[in-house]
Structure formats: structure tokens, C-alpha cells
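# Observations on chain architecture
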Amino acid sequence: MSDEHWYEDEAGALVRPYTVTHGRTRPARGISVDLLSQVTALEPEAGGWPGVDHARTRLLALLGPGPRPVVELAADADLPLTVVRVLLGDLAEAGLVRIDAPRRATGPAAQADPALLREIVDRLRDL
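Let me sum up the structure you'll find in this document. (Residues numbered from 1 in each chain as written. Predicted model: local features only at pLDDT ≥ 70, side-chain atom pairs only at ≥ 80, totals over all residues. Heavy atoms only, no water.)

### Digging into the overall build of the protein chain
Per the secondary structure count, the protein chain includes 6 helices and 3 strands. For the protein chain, the succession of helices and strands along the chain, N to C, is α-α-β-α-β-α-α-β-α. Evaluated residue by residue, the protein chain yields a buried proportion of 25% over its 127 residues. Excluding contacts between residues fewer than 6 apart, the proportion of contacts in the protein chain whose partners are at least 24 apart in sequence is 75%. Carbon and sulfur atoms form 54% of the exposed surface of the protein chain, whose accessible area is close to 9,400 Å². (Helix = DSSP H or I, 4+ residues; strand = E, 2+ residues; numbered from the N terminus. Buried < 20%, exposed > 50% of the residue type's maximum accessible area, 1.4 Å probe, protein only. Contact = heavy atoms within 4.5 Å. Areas by Shrake-Rupley, 256 points an atom, 1.4 Å probe, with all protein chains shown as cover.)

What follows is the structure in C-alpha cells.
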């Protein structure tokens, strides 16, 4: 028998994602959570975050002082994007986060260059 201990980083997730989201695959009540949506933690009331479980508390801790895109949160939390969307929807519904739609570029810089897009597609095909 080995003296080696198995920790979460080595063994993988100890709780399945569908358990964390209670089997849901979409945020509740039609909250839109896009990949590039900006998420900002709101100031908790004096009692902190009562009734917020470990997974949701971890997301709140990852937010820090400024807004962050959903895709970065999912990467930092090491959770599937679908799970992060559901958890953020729960936090928004509880009034603990604000989810803003991604900003769209405008003006001449926002126009896609067809040659650049073709080059990207070609390089992706090469992969």
C-alpha cells in the first residue's frame, strides 16, 4: 500500500458538476450569461454570504474587486462553463453579482477583415 494521498488536484473533482447545479444546465429565470459577459461582485450585507455553498463562494472569491469575463472565471475555477453559468445565474438572482452584457466594438476597428478571417480559418484547419 502506498503512502501517497489523493487530493482533489490529483484525483479530479470530488463532486460531480451536476450535483453542484442540482441537475440544471441553464441559469434560472432567463438570466443571460454569455462567454464574454462581465461579472462584478456586489458588496455583501453585514452578514457576509449566508446560505452560499462552497462552489458559489469560490466564484465570489475569484471575482475580486473588478469585473471579470465569465470565460476567465470558468478557467480559474476549473469548472465546466455550463456549471459556471448556472452558478453565476444563482448568484445574480441572489443579488450577489451583476452580469453585464459583453461590450461590442463599434466604428471602423470593429469591421472584420475578410483576409484575416480566412487566415484564421486556414490555420485552425491546419491544427
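### Re the side chain of Arg 68
Along the chain, Arg 68 turns up in strand S2 (residues 68–69). With relative accessibility at 15%, the residue Arg 68 sits in the buried group. Separated by 3.3 Å, the side chains of Arg 68 and Glu 72 make a polar contact. Here Arg 68 is in contact with Ser 37, Gln 38, Val 39, Leu 62, Leu 63, Leu 73 and Asp 76, once residues within four sequence places are set aside. (Polar contact = N/O pair within 3.5 Å; in protein donor to acceptor, adjacent residues only side chain to side chain.)

### Let's talk about the nonpolar core
Core analysis: the biggest nonpolar cluster contains 19 residues, and Val 39, Leu 59, Leu 60, Leu 88, Leu 91 and Val 97 have the highest contact counts within it. Counting residues per element, the ones that place at least two in this core are helix H3 (54–63), helix H4 (70–77), helix H5 (81–93) and strand S3 (97–100). Of the residues forming this core, the biggest block, 5 residues, is contributed by H5. (Core = buried A, V, L, I, M, F, W, Y, C linked by side-chain atoms within 4.5 Å.)

### Let's talk about H3
Every buried residue of H3 is accounted for by Ala 55, Arg 56, Leu 59, Leu 60 and Leu 63. Take H3 and look down its axis: the buried residues cluster within an arc of 140°, on one side only. The exposed residues of H3 that point more than 90 degrees off its buried face are His 54 and Ala 61. At the C-terminal side of H3, Gly 64 shows a positive phi close to 65°. (Arc of directions from axis to C-beta.)

### Concerning the sheet that holds S2
Taken in spatial order, the 3 strands make up an open sheet running S2-S1-S3, and their pairing is antiparallel. Of all strands in the sheet, those bounded by a partner on one side alone are S2 and S3. Judged from the 4 bridges that link them, strand S1 (residues 38–41) and S3 form a sheet pairing that is antiparallel. Among the inter-strand pairings, Ala 41 is bridged to a residue of S3, identified as Val 97. Against the sheet, H5 touches S1 and S3, its axis set at about 115° to S3. (Pairing = 2+ DSSP bridges. Axes fitted to C-alpha atoms, helices over the stretch in contact; angles between N-to-C directions.)

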